[in-house]
Amino acid sequence: MKSIVVLSGKGGVGKSSIAASLAVALSKEKNIVCADCDVDASNLSLLFALSEDKYEEWNPLSTNQIATVDKEKCISCGQCIKTCYFKALKLKDNIPTVDEFGCEGCGACELICPANAIKLKDINNAHIGYTKTKYGFSIASAQLEPGNSGSGKVVAEVKKKANEISQKADILIVDSSAGIGCPVIASVTGNDYAIIVTEPTPSGFSDLKKALEVVNHFRIKKGIIINKFDLNNKFTEKICSFAEENQIKILKKIPFDKEFVHAMTKMIPIIDYNKKYEVLFDDIKNKVITEVIE
Amino acid sequence: MVEIIAITGGKGGTGKSTVATALAYELSKSNSVLLVDADVDCPNDHLLLNINREELNTVYQRIPKIDLNKCTKCGQCGKVCKTKALITIKDRNPIFVQEQCNGCGSCKIACPEDAISWQDKEIGKLYKGSRDNLNLLSGDLKTNQPISEFIVNHLNEEIEKIKDNYEYIIIDTAAGTHCPVIAAFELASKVIAVTEPTPLGVHDLEIILRLLKKINKYGTVIVNRFDIGNIQKVNELITKYNTRIIFKIPFSKDIVDSYSKGNPIQIKNILEVLKQ
């Protein structure tokens, strides 16, 4: 199976909308599966009008541990508080208490405690599952409990899930979250191809370069899609010459069109909502297949 | 007394930075205002305001340094490392993958030979800048460093130092709901979530409202591009989480245009946000 990650650095440039329509286009000739790796705010299935209550499977997931203190055994020595690099332990009535949002589950406090009073325990920090779209392919996704840490590990689990539910798939499409931190690194690693979505604004361009650094770090072949390209043609030219200088293919320029918002509101992928986008996404599909498979 | 307001939203691209920069800029015309760009993965406020940032300081994180003369290849450090930054194979020197390391220190505690000490790795920088009367503080995560919240924590330390010089501090958070966003709420007395009336915007707004409830912060809502979707769904959430819509922004090609040209964005009557 070949895998393609869609990322952007900047949020709201159209990653998921593009991933959804590209998935529909690809599914016409390939066996595909999607992984929604934006585990903070998982949205991909919503573009297919599939909310969590319509999932085939939606189960609690534990990828994290947090420290717990046994009050009986604690001798109030304060070693754990001194040791915690994440400042997740604080003294309350002479007993250390754990801030569940701050605790990374590293276990340093457990190791340092001379009274053996600290143990790590598993916590359910997310839900994971999958759903089937009417186009025949499935989407694996997860939702991190708001405020919990471990998004990188949850992302890895979503990719694993996608592999599990569609073992015969030719192509996996990974929809990454915004940013360039932990969950994005986990989304990008191990893919065969990266599509970086950008828009012709100073922010879009700046974040494109950051996303590119992540992709280059993993030595992944890549292409760029400029969304809403006609918002600022001068800036689009700037992005194009940047791409040329760095020998990166521009896969497509997509115009600014309120139809994208209408399609999203109706929860139909734009490729299916407005037929004029069928040609556009078929073209992206062909280019991607050439890039990834040949 | 300074008022610290965090602008967040869950979903990316709903207009967090647009609102934060427009509000801060307008407010700075008659108040002393600091804008803090806490979207450290992809900070953009300086671009929206056309500010040339200058470096304030470098942010480091500790990582282990292994003295191979002392190391007996026992494998204890690899065994306790939860992030797989230290990999130990029998009778071989430990392999260290610095990008994976969060500096927790378990390896140092576990090492029976006292072979591990600390060294620093650079994980990002803080910058400052200004435009007219508005001051900007901005954090920037180095690429391929995973821990955004360390940078946000440094921003918080910086805010603590200078907050008394200001009447208002506006903190622009990252998208999402994980660690760096929560860290950005730490000093805020008020949180405002910017959303859009699309199914995705509403879905992510609910996650933010759930998070705020969990951490006992009161959050209000600004609906951006309120005229392009279905605001009914937003209203349902407002009732469910017992909060209020404090401002609505219509879809405007002018906002999109000035955004794409890098001009400071103006939102009519934006200061009403503070009267609510």
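The rules behind these values
Residues numbered from 1 in each chain as written. Chains lettered and ligands numbered in written order. Predicted model: local features only at pLDDT ≥ 70, side-chain atom pairs only at ≥ 80, totals over all residues. Helix = DSSP H or I, 4+ residues; strand = E, 2+ residues; numbered from the N terminus. Buried ≥ 20, exposed ≤ 12 C-beta atoms within 10 Å, placed from the backbone. Contact = placed C-beta atoms within 7 Å. Expected span 1.5 Å × (residues − 1). Pairing = 2+ DSSP bridges. Axes fitted to C-alpha atoms, helices over the stretch in contact; angles between N-to-C directions. Nonpolar A, V, L, I, M, F, W, Y, C, P; charged D, E, K, R; others polar. Domains from an automatic or database assignment. Core = buried A, V, L, I, M, F, W, Y, C linked by C-beta atoms within 7 Å.

The subject of this paragraph is the overall build of chain B. Within chain B, the regular secondary structure consists of 10 helices and 11 strands. The C-alpha extent of chain B, read off along each of the three principal axes, is 65 × 40 × 35 Å. The buried share of chain B, taken over its 276 residues, is 53%. The long-range share in chain B, meaning contacts at least 24 apart out of those at least 6 apart in sequence, stands at 75%.

The next subject is the overall build of chain A. Assigned secondary structure in chain A consists of 10 helices and 13 strands. For chain A, the C-alpha atoms occupy an extent of roughly 70 × 40 × 35 Å along the three principal directions. Out of the 294 residues belonging to chain A, those deemed buried represent 58%. In chain A, of all internal contacts separated by at least 6 residues, the share reaching a separation of at least 24 is 77%.

Okay, helix H5 (residues 148-162) of chain B next. Residue and element names in this part refer to chain B. Relative to the 21 Å expected for 15 residues at 1.5 Å per residue, H5 spans 22 Å between its end C-alpha atoms, a close match to the ideal helical length. Turning to H5, its buried residues number three or more, namely Ser 148, Glu 149, Phe 150, Ile 151, Val 152, Asn 153, His 154, Leu 155 and Ile 159. Turning to H5, the residues buried within the fold contact strand S2 (33-37), strand S3 (54-66), strand S6 (116-131), strand S7 (134-141), strand S8 (168-172) and helix H6 (179-185).

So, about the sheet that holds strand S10 (residues 219-224) of chain B. Each strand in a sheet pairs with its neighbour through backbone hydrogen bonds, running either in the same direction (parallel) or in the opposite one (antiparallel). All names here are of chain B. Here 9 strands make up an open sheet; going across it, the order is S3-S6-S7-S2-S8-S1-S9-S10-S11 and the pairing mixed. The sheet terminates laterally at S3 and strand S11 (245-249), the two strands that pair on one side only. Ignoring strand direction, the axes of neighbouring strands in this sheet form an average angle of 20°. Two elements, strand S1 (residues 3-8) and strand S9 (residues 190-195), share 4 bridges in a ladder whose sense is parallel. Opposite Ala 6, over in S9, you have Val 191 as the bridge partner. Taken strand by strand, H5 contacts S2, S3, S6, S7 and S8, and its axis lies near 150° from that of S7. Packing of helix H7 (residues 199-214) onto the sheet brings it into contact with S1, S9 and S10, and relative to S9 it is tilted by some 165°.

Let's shift gears to the sheet that holds strand S8 (residues 126-132) of chain A. All names here are of chain A. The strand order across the open sheet formed by 9 strands is S3-S8-S9-S2-S10-S1-S11-S12-S13, and the pairing between neighbours is mixed. Of all strands in the sheet, those bounded by a partner on one side alone are strand S3 (57-61) and strand S13 (249-254). Ignoring which end each strand starts from, the neighbouring axes of this sheet average 20° apart. Relative to strand S9 (residues 138-144), S8 runs antiparallel, the two sharing 7 bridges. Residue pairing across strands places Thr 131 opposite Ile 139, the latter belonging to S9. Sitting on the sheet, helix H4 (residues 151-165) touches strand S2 (32-36), S3, S8, S9 and strand S10 (171-175), and the angle it makes with S9 is about 160°. Sitting on the sheet, helix H10 (residues 276-293) is in contact with strand S1 (2-7), strand S11 (193-198), strand S12 (221-227) and S13, with an inclination near 165° to S13.

The next point concerns the interface of chain B and chain A. Contact with chain B, which involves 51 residues of that partner, is made by 49 residues of chain A. At the level of secondary structure, the elements contributing two or more residues to the side of chain B that touches chain A comprise helix H2 (45-48), helix H4 (106-110), H6, H7 and helix H9 (253-261) of chain B. Considering every element that reaches the side of chain B that touches chain A, the biggest residue donor is H7 of chain B, with 8 residues. In terms of residue class, the side of chain B that touches chain A is made up of 23 nonpolar, 21 polar and 7 charged.

With that out of the way, let us pick up the pairing of strand S5 (residues 89-92) of chain A. All names here are of chain A. Looking at chain direction, S5 and strand S6 (residues 95-98) are connected through 4 bridges and run antiparallel. Pairing of Leu 91 across the sheet is with Pro 96, part of S6. Linking S5 to S6, which pair antiparallel, is a turn of 2 residues; within it Asp 93 sits at a positive phi near 50°.

Turning next to the domain arrangement of chain A. For chain A, the assigned domains read domain 1 (2-61 + 126-293) and domain 2 (64-123). Each of domain 1 of chain A and domain 2 of chain A has a C-alpha centre, and the two are 39 Å apart.

To continue, consider the domain arrangement of chain B. Many analyses report the size of an interface as the accessible area lost when the parts associate. Each domain of chain B was delimited in the assignment, giving domain 1 (3-59 + 125-275) and domain 2 (68-114). The C-alpha-based centres of domain 1 of chain B and domain 2 of chain B are spaced at 39 Å.

Further remarks concern helix H6 (residues 202-217) of chain A. With 16 residues, H6 of chain A should reach 22 Å at 1.5 Å per residue; the first-to-last C-alpha distance of 23 Å fits that figure. Residues of H6 of chain A that are buried include every one of Ser 203, Gly 204, Phe 205, Asp 207, Leu 208, Lys 210, Ala 211, Leu 212, Val 214 and Val 215 of chain A, and no others.

The phi torsion at Lys 228 of chain A lies on the positive side, around 55°, for a residue other than glycine. Tracing the backbone shows Lys 228 of chain A in the loop between S12 and helix H7 (233-245). With a phi close to 60°, Lys 84 of chain B is a non-glycine residue in the positive phi region. With respect to the helices and strands, Lys 84 of chain B occurs in the loop between helix H3 (76-80) and strand S4 (86-87). Lys 84 of chain B sits in the exposed class, given 10 other C-beta atoms within 10 Å.

Residue and element names in this part refer to chain A. Examined against the element boundaries, Ile 139 turns out to sit in strand S9. Spatially, the C-alpha atoms of Ile 139 and Leu 172 are 9.7 Å apart, while their sequence positions differ by 33 residues. Setting aside chain neighbours within four positions, we find Ile 139 in contact with Cys 34, Asp 36, Leu 44, Ser 45, Tyr 130, Thr 131 and Thr 133.

Among the nonpolar cores identified, the biggest contains 150 residues, and Ile 173 of chain A together with Ile 170 and Ile 171 of chain B are the most heavily contacted of them. Not counting residues up to four positions away in its chain, the partners in contact with Ile 173 of chain A are Ile 4, Val 6, Ala 19, Leu 22, Ala 23, Ile 32 and Cys 34 of chain A. Counting 18 residues, the second largest nonpolar core, distinct from the first, contains Phe 86, Cys 106, Cys 113 and Ile 123 of chain A.

Residues and elements named next belong to chain A. Counting buried positions over the 5 residues of S10 gives 5, a clear majority of the element. Of the two faces of S10, both are covered, the one formed by Ile 171, Ile 173 and Asp 175 as well as the one formed by Leu 172 and Val 174. With 5 bridges joining them, S1 and S10 adopt parallel strand pairing. Within the sheet, the bridge partner assigned to Val 5 lies in S10 and is Val 174. For S2 and S10, the ladder comprises 5 bridges, and the chain directions are parallel. Paired with Ile 32 across the two strands is Ile 171, which belongs to S10.

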